[in-house]
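Chain and residue survey
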Amino acid sequence: MKRAIALTALLSLAILATPPASAATGSASLGGRHTDPGRQVLPANDGWAAEGSGTTGGSAAPASNVHTVSTRTQLATALAAPSPKIIYVKGTIGTDKTCADYTTGGYTLQAYLAAYDPAVWGRTTEPSGPLEDARAASAAKQTANIKLKVGSNTTIVGLGKNARIRGVNLHVDKADNVIVRNIGFEDTADCFPQWDPTDGAEGNWNSLYDNISVTGSTHVWVDHNTFTDGDNPDSSQPLYFGRPYQVHDGQLDITNGANYVTASWNRFAGHDKTMLIGSTNTPGVDVGKLKVTVHHNHFDDVLQRLPRVRFGQVHVYNNYYEVPDDSTFVYALGVGVQSQIFAENNFFRLSRAVDPAKLLYNWAGTTLTARGNVLRVGGQVTPIDLIAVYNAANDPDFGTDAGWTPTLHTGIDPAESVRLSVSQHAGVGEIS
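So, here's what we can say about the structure. (Residues numbered from 1 in each chain as written. Predicted model: local features only at pLDDT ≥ 70, side-chain atom pairs only at ≥ 80, totals over all residues. Heavy atoms only, no water.)

1. Regarding the nonpolar core
Membership of the largest hydrophobic core comes to 67 residues, with the highest contact counts inside it found for Leu170, Ile212, Val214, Leu252 and Ile254. No other element matches helix H7 (residues 386–393), which puts four residues into this core. Apart from residues no more than four positions distant in its own chain, Ile212 is found in contact with Asn169, Leu170, Val172, Val180, Phe185, Val222, Phe227, Gln251, Leu252 and Asp253. (Core = buried A, V, L, I, M, F, W, Y, C linked by side-chain atoms within 4.5 Å. Buried < 20%, exposed > 50% of the residue type's maximum accessible area, 1.4 Å probe, protein only. Helix = DSSP H or I, 4+ residues; strand = E, 2+ residues; numbered from the N terminus. Contact = heavy atoms within 4.5 Å.)

2. Comments concerning the state of the cysteines
In protein structure, a disulfide is the covalent linkage between the sulfur atoms of two cysteines. As enumerated under the stated definition, the model contains one disulfide in all. A disulfide bridge connects Cys99 with Cys191, and the sulfur atoms are separated by 2.0 Å. Between Cys99 and Cys191, the S-S dihedral sits near -75 degrees, and the bridge is therefore left-handed. Here Cys191 lies in the loop between strand S9 (184–186) and strand S10 (194–196) and Cys99 lies in helix H3 (residues 99–102), a separation of 92 residues in the sequence. A relative accessible area of 39% places Cys99 in the partly exposed class. (Disulfide = S-S within 2.5 Å.)

3. Section: unusual backbone geometry
Cis rather than trans, the peptide bond between Leu306 and Pro307 has omega equal to -5 degrees. With respect to the secondary-structure elements, Pro307 resides in the loop between strand S22 (298–300) and strand S23 (308–309). In this structure, Pro396 follows Asp395 across a cis peptide bond, with omega equal to -5 degrees. Considering the arrangement of structural elements, one finds Pro396 in the loop between H7 and helix H8 (415–425). In the Ramachandran plot, Lys174 falls in the positive-phi region, its phi being about 50 degrees despite a non-glycine side chain. Take Lys174: it is sitting in the loop between strand S7 (169–173) and strand S8 (176–181).

4. Notes on the sheet that holds strand S31 (residues 374–377)
The strand order across the open sheet built from 10 strands is S3-S6-S9-S14-S19-S22-S25-S28-S31-S32, with neighbouring strands paired in mixed fashion. Of all strands in the sheet, those with a lone pairing partner are strand S3 (92–94) and strand S32 (380–383), marking the two edges. Neighbour-to-neighbour, the strand axes of the sheet open up by a mean angle of 15 degrees, direction not taken into account. With three bridges connecting them, strand S19 (residues 267–269) and S22 associate as parallel partners. Paired with Phe268 across the two strands is Phe299, which belongs to S22. Here H8 sits on the sheet and contacts S22, strand S25 (320–323), strand S28 (347–350) and S31; the angle it forms with S28, its principal contact strand, is near 75 degrees. (Pairing = 2+ DSSP bridges. Axes fitted to C-alpha atoms, helices over the stretch in contact; angles between N-to-C directions.)

5. Section: the layout of surface pockets
Of the voids in this model, the largest pocket is the one considered here, and its volume is about 1000 Å³. Forming the walls of the largest pocket are 44 residues, and the residues nearest its centre are Asn204, Gln246, Asp272, Lys273 and Gln304. Sorting the residues of the lining of the largest pocket by element identifies helix H6 (130–146), S10, strand S11 (204–206), strand S16 (243–244) and strand S29 (360–363) as the ones contributing at least two each. It is S11 that contributes the most residues to the lining of the largest pocket, three residues altogether. Residues of the lining of the largest pocket, tallied by class, amount to 15 nonpolar, 14 polar and 15 charged. In terms of lining residues, the second largest pocket is bounded by 17 residues, among which Cys99, Gln142, Ala189, Asp190 and Cys191 are the most central. Taken together, the residues of the lining of the second largest pocket break down into seven nonpolar, six polar and four charged. (1 Å grid on protein atoms, 1.4 Å probe; cavity = no way out; pocket = protein on both sides within 12 Å on 5 of 7 lines; lining within 4 Å. Points joined across faces, edges and corners; volume = space filled by probe spheres on them. Nonpolar A, V, L, I, M, F, W, Y, C, P; charged D, E, K, R; others polar.)

6. Some remarks on the side chain of Asn177
Looking at the secondary structure, you find Asn177 in strand S8. For Asn177, the side chain forms a polar contact with the main-chain nitrogen of Thr56, separated by 2.6 Å. Discounting chain neighbours no more than four positions away, the residues touching Asn177 are Gly54, Thr55, Thr56, Gly57, Ser152, Asn153, Thr154, Thr218 and His219. (Polar contact = N/O pair within 3.5 Å; in protein donor to acceptor, adjacent residues only side chain to side chain.)

7. Observations concerning the pattern of salt bridges
Tallied over the entire structure, the rule returns 11 salt bridges. Arg166 is the salt-bridge partner of Glu186, the closest N and O atoms lying 2.8 Å from each other. With Glu186 in strand S9 and Arg166 in strand S6 (residues 164–166), this residue pair connects regions lying 20 residues apart in the sequence. The class of Glu186 is buried, set by a relative accessible area of 14%. Residue class for Arg166 comes out partly exposed when judged on its relative accessible area of 38%. Between Asp326 and Lys358 there is a salt bridge, with the nearest N and O atoms lying 2.9 Å from each other. Note that Asp326 is positioned in the loop between S25 and strand S26 (333–336) and Lys358 in the loop between S28 and S29, a separation of 32 residues in sequence. (Salt bridge = Lys/Arg side-chain N within 4 Å of Asp/Glu carboxyl O.)

8. A short note on the pairing of strand S27 (residues 340–344)
Burial of S27 is extensive: four of the five residues sit out of reach of the surface. Sheet analysis places strand S24 (residues 313–317) next to S27, joined by five bridges and oriented parallel. Within the sheet, the bridge partner assigned to Gln313 lies in S27 and is Gln340.

Okay, structure coming up:
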């Protein structure tokens, strides 16, 4: 009976009629092709990052505080300069060290696996002792090299279509007014993942670094970037203790009381844990914050957290989701504790094997608003009521009212147009 209800809900809803976006696609929404991208600011009303004073980044920087960087050292030096500042990324910036350079205290993966094999260590306590200390010390050396702090009133923008930051974690921490645009982020891999046998029923390997981490910061615009694992995809990692050896964390994580963030026109591809909004399930610094807009992003063969939300009022609209493989896909929207997701006019393209009921996942949330979304399976595009389809297959049911209605947004495109516009214009290369 539930499947019958799901099918009826899937086919019968009318698509919400909305006006076309006033800033339709690509660079038309960015203030014009011929504007210096370092001086561009977030358009008015463009998501939560437009709240109050809006987001201008380093656009007011004097000529003396405009930097062009092509190495990690140059990037670190520019980030340490006074604000406001503009940093142009030219070519590929990578780390100058390998995992062997960080290893200390006698750590080896082989010794770590032998010491903390569940058959030896058990599954009730986290690793401790000399080898865990050595792993942590090695990780601290890596952190010192690859985690670069981004301060207030900063714009970081890639030049042209080939700007890349590889193996570096940009950490926007306790800052205000930051813009990051037009950069390909690749493979911020953890050399020393930690095994936690108490994480879930089977244990998990946990990595430390995101491509971009936004923590405790306000007014942040992340736009027209491409996020991938490069030549080191999650799918190529081995299994240890029966669990994937996870060397990547998030591509864009927004946590620890961050607020007023817009993520727009980005491409997230070939990754597992993609976008986390909210730190923990325990009420604290996140309550009343985590106001985030996620629009016109391309989620391409990514497995979960698209996004996963706790606490925040998160507007998810006009995104394009491609899910080609049911064997690895987990979920799209994670409905977490006290979350208030408002999902509208998104386009979901699923392989025939993927159950549409998997598009939502219950992470101890209770309600959301979903309207105007469409589903393509094979060549057929139909409306989909995400909540009705989920509720038909799962208990307990989600409620249908997130308790708020977004007002900070530019025009919202009809869902049917999203696939073409986003696939053509999201990611690096549209603002130069």
